[in-house]
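The residues making up each chain are set out below.
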Amino acid sequence: MQPNTPDKLSSENYAEILEFLKSHPIGVLATIDENGDPNASTIYFSVDDKLRISFTTKRETRKFENIARHNKVALVAYEAKDQSAVQVSGRAEEVKDEQEALDIYNGTVNAAKKTSEDNVPPVAKYSGGPFAAFRIEIEDIRLMAYGKGDRFSKSMEKASSPPSTGDPS
C-alpha cells in the first residue's frame, strides 16, 4: 500500500482531513522508548492550512526523551460520534525558532480553549522543564470514516439476503 503524504492526497481528501484535524485537536501520540516499546500519550495539537501538525511538550517528559532518541511517531485523532479517525505517521522534528515555537505553544493553548473548560493545557501545568515545540513531518496520513448510522448492519442485512436472480418479478 502506497503511503499517503499531503502532496499525494486528492483535494477533496486533503480538505476532509484538514477540517477533521482542525475540529478535533486532541489526539494520542505514540513514541518509541529506549527498549523499542511503544509509549502513548494524549496531546493537544494544532494544524495549519498546509497540513503541518504541531504540538508542545516539556523537555523532562518521557515523550521528549523518546523523540530525542528516535523521532518516529504516530498520531491518532478520533471522533466517537461519527466513528472517524485520522491516523498519521511520520517524524517529529523539534522547532528551534523561538517565534515559531511560541506560535506552536499558542496553538496548544487554543486547542485547550476549544475543547476544555480549563483554558490551560496540561503541558503548562507539568513541571517537566522548559517547553519544546515539534512539528510532524508526515510520511503517511489517512482518514478512516466509518460513517453515521447503521451502515454496517444494513450491509450485513444485504450480505445475508438470498442472491438476486436478476428477475425483477
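First, a word on what this report is: a plain description of the structure on this page. None of the values given here were measured: they were computed from a predicted structure.

Let us look at the environment of Ser-54. Tracing the sequence through the fold places Ser-54 in strand 3 (residues 53–58). Ser-54 sits in the buried class, given a relative accessible area of 5%. As for Ser-54 and Tyr-105, which are separated by 51 residues in sequence, their C-alpha atoms are 8.9 Å apart. Leaving out residues up to four positions away in the same chain, Ser-54 has contacts with Phe-45, Ser-46, Ile-104, Phe-134 and Arg-135.

Our focus in this paragraph is the packing of aromatic side chains. Inspection of every chain in the model, using the stated rule, returns three aromatic pairs. Each ring, one from Phe-55 and one from Phe-134, has its centre 5.4 Å from the other, and the planes form 15°; the classification is stacked. Note that Phe-55 is positioned in strand 3 and Phe-134 in strand 6 (residues 131–145), a separation of 79 residues in sequence. This pair shows no difference in class: Phe-55 is buried, exactly as Phe-134 is. Taken together, Phe-55, Phe-64 and Phe-134 form an aromatic cluster joined through their ring pairs. If you follow Lys-58 out to its NZ or CZ, it ends over the ring of Phe-131, 4.7 Å from the centre.

Reading around the barrel, the six strands line up as 1-2-3-6-5-4 and close back on themselves, with antiparallel pairing between neighbours. With direction set aside, neighbouring strand axes in the sheet form an average angle of 40°. Sheet topology places strand 1 (residues 26–32) next to strand 2 (residues 38–47); seven bridges connect them, and they run antiparallel. Bridge pairing links Ile-32 to Pro-38 in strand 2. Set on the sheet, helix 1 (residues 11–23) makes contact with strand 2, strand 3, strand 4 (72–79), strand 5 (84–95) and strand 6; between it and strand 6 the angle comes to about 130°. Helix 2 (residues 62–69) contacts strand 1, strand 2, strand 3, strand 4, strand 5 and strand 6 of the sheet and is inclined by roughly 50° relative to strand 1.

About the cut-offs
Residues numbered from 1 in each chain as written. Predicted model: local features only at pLDDT ≥ 70, side-chain atom pairs only at ≥ 80, totals over all residues. Heavy atoms only, no water. Helix = DSSP H or I, 4+ residues; strand = E, 2+ residues; numbered from the N terminus. Buried < 20%, exposed > 50% of the residue type's maximum accessible area, 1.4 Å probe, protein only. Contact = heavy atoms within 4.5 Å. Phe/Tyr/Trp six-rings, centres within 6.5 Å; stacked < 30°, edge-to-face > 60°. Lys NZ or Arg CZ within 6 Å of the ring centre and 35° of its normal. Pairing = 2+ DSSP bridges. Axes fitted to C-alpha atoms, helices over the stretch in contact; angles between N-to-C directions.

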